[in-house]
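# Structure assessment
Here is what each chain is made of, one letter per residue.
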Amino acid sequence: MPTAPRPFDLPAYLKRQGTAVNRALGGYLPPARARPTTIHQAMRYSLFAGGKRIRPILTLAAAEACGGRLANAMPLACATECIHTYSLIHDDLPAMDNDDFRRGRPTSHTVYSEGIAILAGDALLTQAFEIAAQASPPKRYPTAALIRELTETAGSLNLIAGQVADLEGEGKDLSVAQLRYIHERKTSALLSCSVRLGGMSANCTTHQLQALTDFGYHVGLAFQVIDDILDVTQTTEQLGKTAGKDEATAKATYPAILGLEKSRKVAGQLTDKAFKALKPFKAKAAALESMAEYLLKRVN
Ligand code: GRG
């Protein structure tokens with residue numbers, strides 16, 4: 001199993017950055033008491049339900065790797081978490097994965113209603129662009145470029161494409177290539193976007209942006225392979241979401257196609273590629289390296 005070359009206090013880093021992200025998100029969102037209160041409460045219910053904050057922390061770590069400042073990366077980091085949370089709310093809806101447990105608590109539509117859950121997702125997606133538009137644009141990347149990064153990721157060629165292919169693939173025997181297509185769009189695109197935005201906030205060079213894209217792509221693919229493995233090996237309590245869902249809905253996954261051992265090997269190989277992509281950043285990539293290793297070894 002690959003290991004990150006440098007020692008790094010990741011638990012302390014995740015705690016520090018997670019706290020900073022939570023504080024910033026709280027400030028960007030309309031207050032829970034703003035009318036209509038139902039929607040603002042529903043947005044906050046899902047956003048502050050205890051997600052791991054992987055995407056925004058990757059944004060901050062990528063900014064760090066490029067010598068940037070946390071304050072410049074933070075709006076973009078928060079935007080990625082809003083898009084991610086929207087995708088989870090909609091993914092759990094009866095018309096999608098129909099799940100009633102997420103982030104260790106009942107899903108939005110079971111607490112509020114299906115209508116409010118749809119609207120909370122819509123509102124978080126829209127909120128993401130409002131927050132991102134508040135980022136100070138670095139020289140090489142005007143606000144339009146930052147916003148476009150998010151729209152391309154969340155749109156019908158990536159996140160939505162992955163979800164469509166995922167829905168249409170249920171109950172079918174997919175090839176590894178077809179599964180890769182889904183993972184690239186459903187999961188890897190937003191992780192890659194998260195690190196790219198971090199680099200962009202730090203006014204990174206084209207060469208650095210390419211390296212971050214390469215890192216995000218491979219870490220994103222590894223993330224979904226591990227997610228599929230955890231769905232089989234962990235309990236609902238450990239995951240904070242319903243375990244065994246993929247088999248129950250006849251979803252194509254790496255473990256289903258290749259088996260657990262081979263899937264673990266694939267995740268390790270993808271993480272190795274992610275490590276290699278970080279070479280140009282040398283010691284400045286310590287946080288990104290450590291996160292890639294954590295994502296490979298995570299248990300929830
Ligand atoms: C447009 C109706 C509509 C739906 C969009 C795009 C989309 C729905 C869903 C995305 C599909 C999805 C849920 C992908 C899986 C990505 C994944 C493994 C998420 C879990 O991420 P973690 O483990 O979750 O980082 P936490 O809760 O820790 O943030």
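One can find the structure itself at the top, above this paragraph.
Residues numbered from 1 in each chain as written. Predicted model: local features only at pLDDT ≥ 70, side-chain atom pairs only at ≥ 80, totals over all residues. Heavy atoms only, no water.

### Comments concerning the overall build of the chain
- Secondary structure summary: the chain contains 15 helices and two strands in total.
- Its C-alpha radius of gyration of 18 Å places the chain within 12% of the 19 Å reference for a compact globule of 300 residues.
- Principal axes of the C-alpha set define a box for the chain whose edges measure 50 × 45 × 35 Å.
- Relative to its 300 residues, the chain shows a buried fraction of 54%.
- In the chain, of all internal contacts separated by at least 6 residues, the share reaching a separation of at least 24 is 75%.
- Accessible surface, the chain: about 13,100 Å² in total, of which carbon and sulfur atoms supply 54%.
- Of the charged side chains in the chain, 35 are positive and 29 negative; the average position of the first set lies 9 Å away from that of the second. (Helix = DSSP H or I, 4+ residues; strand = E, 2+ residues; numbered from the N terminus. Rg over C-alpha atoms; globule rule 2.2 N^0.38 Å. Buried < 20%, exposed > 50% of the residue type's maximum accessible area, 1.4 Å probe, protein only. Contact = heavy atoms within 4.5 Å. Areas by Shrake-Rupley, 256 points an atom, 1.4 Å probe, with all protein chains shown as cover. Lys, Arg positive; Asp, Glu negative; His and termini not counted. Charge placed at Lys NZ, Arg CZ, Asp CG, Glu CD.)

### Re the side chain of Arg 53
- Within the secondary structure, Arg 53 is located in the loop between helix H2 (37-47) and helix H3 (54-65).
- Owing to a relative accessible area of 5%, Arg 53 belongs among the buried residues under this scheme.

### A look at empty space enclosed by the protein
- Taken as a whole, this structure holds three cavities of 30 Å³ or more when the rule is applied.
- Together, 13 residues line the largest cavity, and Ser 46, Ile 89, Asp 92, Arg 102 and Ser 108 are the ones closest to its centre.
- Elements that contribute at least two residues to the lining of the largest cavity include exactly H2, helix H4 (70-91) and strand E2 (105-106).
- By residue number, the principal contributor to the lining of the largest cavity is H4, which donates three residues.
- Here the residues of the lining of the largest cavity are counted per class, giving five nonpolar, four polar and four charged. (1 Å grid on protein atoms, 1.4 Å probe; cavity = no way out; pocket = protein on both sides within 12 Å on 5 of 7 lines; lining within 4 Å. Points joined across faces, edges and corners; volume = space filled by probe spheres on them. Nonpolar A, V, L, I, M, F, W, Y, C, P; charged D, E, K, R; others polar.)

### Focus on the packing of helix H7 (residues 143-154) against helix H9 (residues 176-201)
- Running from N to C, H7 and H9 point in directions that differ by 175 degrees, and their axes come no closer than 10 Å. Taken as axis vectors, H7 and H9 run roughly antiparallel relative to one another. Where H7 approaches H9, its residues Ala 145, Leu 146, Glu 149, Leu 150 and Thr 153 are matched on the opposing element by Ala 189, Leu 190, Cys 193, Arg 196, Leu 197 and Met 200.
- Among the residues making up the contact of H7 with H9, the classes are represented as eight nonpolar, one polar and two charged. (Axes fitted to C-alpha atoms, helices over the stretch in contact; angles between N-to-C directions. Parallel < 35°, antiparallel > 145°, perpendicular 65-115°, else oblique.)

### Details of the packing of aromatic side chains
- One pass over the structure, following the stated rule, counts two aromatic pairs.
- With 5.3 Å between their ring centres and 65 degrees between their planes, Phe 8 and Tyr 13 make a pair best called edge-to-face.
- The exposure class of Phe 8 is partly exposed, given its relative accessible area of 30%.
- A centroid spacing of 5.7 Å and a plane angle of 75 degrees characterise the contact between Tyr 45 and Tyr 112, whose relative ring orientation is edge-to-face. (Phe/Tyr/Trp six-rings, centres within 6.5 Å; stacked < 30°, edge-to-face > 60°.)

### A look at the site of the ligand
- In the vicinity of the ligand lie 20 residues, with Lys 52, Arg 55, His 84, Met 96 and Arg 103 positioned nearest.
- At 2.8 Å from an oxygen atom of the ligand is found a side-chain nitrogen or oxygen belonging to Arg 55.
- The side chain of Arg 103 places a nitrogen or oxygen atom 2.7 Å from an oxygen atom of the ligand.
- Within the complex, the protein chains bury 89% of what would otherwise be the 730 Å² of accessible surface of the ligand.
- One can see that the ligand is located within the largest pocket.
- Where the shell around the ligand is concerned, the elements lending two or more residues are H4, helix H8 (159-169), H9 and helix H10 (206-233). (Near = heavy atom within 4 Å. Polar contact = N/O pair within 3.5 Å; in protein donor to acceptor, adjacent residues only side chain to side chain. Sits in = over half its atoms within 2 Å of the grid points.)

### Observations concerning the environment of Gly 18
- Among the secondary structure elements, Gly 18 is positioned in helix H1 (residues 10-28).
- Owing to a relative accessible area of 9%, Gly 18 belongs among the buried residues under this scheme.
- Counting along the chain gives 132 residues from Gly 18 to Leu 150, while the straight-line C-alpha distance between them is 21 Å.

### Examining the environment of Leu 58
- Relative to the helices and strands, Leu 58 resides in helix H3.
- Leu 58 gets classed as buried once you look at its relative accessible area, which sits at 1%.
- Sequence separation of Leu 58 and Val 195 is 137 residues, and the distance between their C-alpha atoms is 5.6 Å.
- The residues contacting Leu 58, other than those within four sequence positions of it, are Leu 191, Ser 194, Val 195, Phe 215, Leu 288 and Met 291.

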